[in-house]
Amino acid sequence: MKTIIEPFKIKSVEPIRMTTREEREERLRAADYNVFLLKAEDVLIDLLTDSGTSAMSSEQWAAIMRGDEAYAGSRSFYRFDETVRRITGFDHILPTHQGRAAEHILFDVVCKPGDVVPNNTHFDTTRANVEATGAEAVDLVIPEGREPRSTHPFKGNMDVEALERLLSERGREKVPLCLITITNNSGGGQPVSMANVRAVAGVCRRYDIPLYIDACRFAENAWFIREREEGYADVSPEEIARELFSHADGCTMSAKKDGIANIGGFLATDDARVAQEARNRLILTEGFPTYGGLAGRDLDAISVGLQEALDPDYLEYRITSTRYLGEHISREGVPIVQPPGGHAIYIDAAEFLPHIEPLQLPGQALAVELYREAGIRGVEIGTVMFGRRDPDTGDEIAGPMELVRLAIPRRVYTQSHIDYVVEAVLNVWRRREGIGGFRIVEQAPVLRHFTARFAPLNGAAVG
Ligand SMILES: *Cc1c(COP(=O)(O)O)cnc(C)c1O
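Residues numbered from 1 in each chain as written. Predicted model: local features only at pLDDT ≥ 70, side-chain atom pairs only at ≥ 80, totals over all residues. Heavy atoms only, no water.

Visitor: Help me understand the overall build of the chain in this model?
Guide: If you tally the helices and strands in the chain, you get 16 helices and 16 strands. Whereas a compact globule of 463 residues would reach a radius of gyration of roughly 23 Å, the chain reaches 22 Å, a difference of no more than 12%. By principal-axis analysis of the C-alpha atoms, the chain measures approximately 60 × 55 × 45 Å. In the chain, which comprises 463 residues, the share counted as buried stands at 56%. In the chain, of all internal contacts separated by at least 6 residues, the share reaching a separation of at least 24 is 72%. Counting every atom, the chain has about 19,500 Å² of accessible surface; 51% of that belongs to carbon and sulfur. Side-chain charges of the chain comprise 53 positive and 70 negative groups, with the mean position of each set lying 2 Å from the other. (Helix = DSSP H or I, 4+ residues; strand = E, 2+ residues; numbered from the N terminus. Rg over C-alpha atoms; globule rule 2.2 N^0.38 Å. Buried < 20%, exposed > 50% of the residue type's maximum accessible area, 1.4 Å probe, protein only. Contact = heavy atoms within 4.5 Å. Areas by Shrake-Rupley, 256 points an atom, 1.4 Å probe, with all protein chains shown as cover. Lys, Arg positive; Asp, Glu negative; His and termini not counted. Charge placed at Lys NZ, Arg CZ, Asp CG, Glu CD.)

This is the structure in structure tokens:
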């Protein structure tokens, strides 16, 4: 059989409300053209993020009923601890309320001002938490990882030579740890090969620097290794994951991604001293070490979700359905970051709308247009998110790229939903020349994309 079906049937449904174009036009105006300010009930297909938006399974809901809400030493914690240790092999497991809390605690323990932390590409919360300690976050992804058209099979790989250079120039005392993010979220959800993790671990060992994995999408990364790397075609995703973790000294994890849970995360480490200091901080900011800011039932949902994320049938469906969206729009000419990543498709808005210059916000224009066309919500990753205002002149400075990310929640949408997204993108593609730009009329000093207000240029009704 060629058709890859959703490997589940649906027991509980959440209706989505159909909207008319006029309604959407009205909602856009009321939200000042910022899709973050739309109400979720006015969105038909919500591709804003894959974080915490997954559908839980019947087994996860059953596990929620087993949740043990004892303050200390709950059965839920021991089930969670056993699962995470089995998959990662690490000795000390600290639950946290989500991934960034694990990052915050780890960097607070190991980093100090003047340090430098290498990574293939830091995710934004990771970078912010490294920088909050006074350390510098350095991105060392391979050159192909910065080329939207490159079809390198492991575009998330770290540039091992650049890492060596950094370590020999700065000296090991300045590098408290090395990170590697699988898959590389900020680089388009691109995977890292086992050979690359092995090589990075080898360099780290030579310099006696601990290696930590930012493991949010470890299961999706394991599937790409199985599909693309010599020698892994017959190895189970769980064994591949265990091998990935075996090269590292610890990991941070957001269970809102490959934990298929709506909240949660953890820090795992083999270093007893780091674990002890991290537990002290955990108690201060998250909670007692056997619940770490989560309810017992959350720990149980994560424990089941981590295991389900490694199911080969699930992973084949997951990676195939993301690729399906990417291939069906790119073969009609829509420019996307190639090859399709694990959790999202990134449309290159600068190429999609070449008549709109970066400071007229082509990514924003495309995100607005997808909502106007069909009620689809994606997110701009361009000048709105990464541009800034020159502190001296007040002039706007464009971001490094103009993308619109369509992130796919896990197990939430069916193929007909994805077909609908394909149709909408292609409708917008065909009338792209009539689409106009935007300007920012109001913005916050930091993280402006969440709350900024926009206006169409020339007051033109776009599209
Ligand atoms: C989501 C994410 C994080 C942060 O996790 P939260 O649960 O959102 O705090 C860190 N790193 C990567 C790569 C992520 O995708």
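Here the narrative resumes, following the displayed structure.
Visitor: Looking at this model, I keep getting lost on the site of the ligand. Mind explaining?
Guide: In the neighbourhood of the ligand, 15 residues make up the surrounding shell, with Arg-100, Asp-214, Arg-217, Ser-254 and Lys-257 lying closest. Within the side chain of Gln-98, one N or O atom sits 3.0 Å away from an oxygen atom of the ligand. Lys-257 is positioned such that a nitrogen or oxygen atom in its side chain is 2.8 Å from an oxygen atom of the ligand. Burial of the ligand by the surrounding chains reaches 98%, relative to a free accessible area of 380 Å². Mapped onto the shell around the ligand, the elements with two or more residues apiece are α4 (99-110) and α5 (124-132). Considered class by class, the residues forming the shell around the ligand number two nonpolar, seven polar and six charged. (Near = heavy atom within 4 Å. Polar contact = N/O pair within 3.5 Å; in protein donor to acceptor, adjacent residues only side chain to side chain. Nonpolar A, V, L, I, M, F, W, Y, C, P; charged D, E, K, R; others polar.)

Visitor: Where do I start with α5 in this structure?
Guide: Looking at α5, one finds that the buried residues are Thr-125, Thr-126, Asn-129 and Val-130. The buried residues of α5 all sit within an arc of 135 degrees when viewed along its axis, so they share a single face. Among the structural elements, α4, β3 (116-119), β4 (136-139), β5 (178-181) and β6 (211-214) are those in contact with the buried residues of α5. (Arc of directions from axis to C-beta.)

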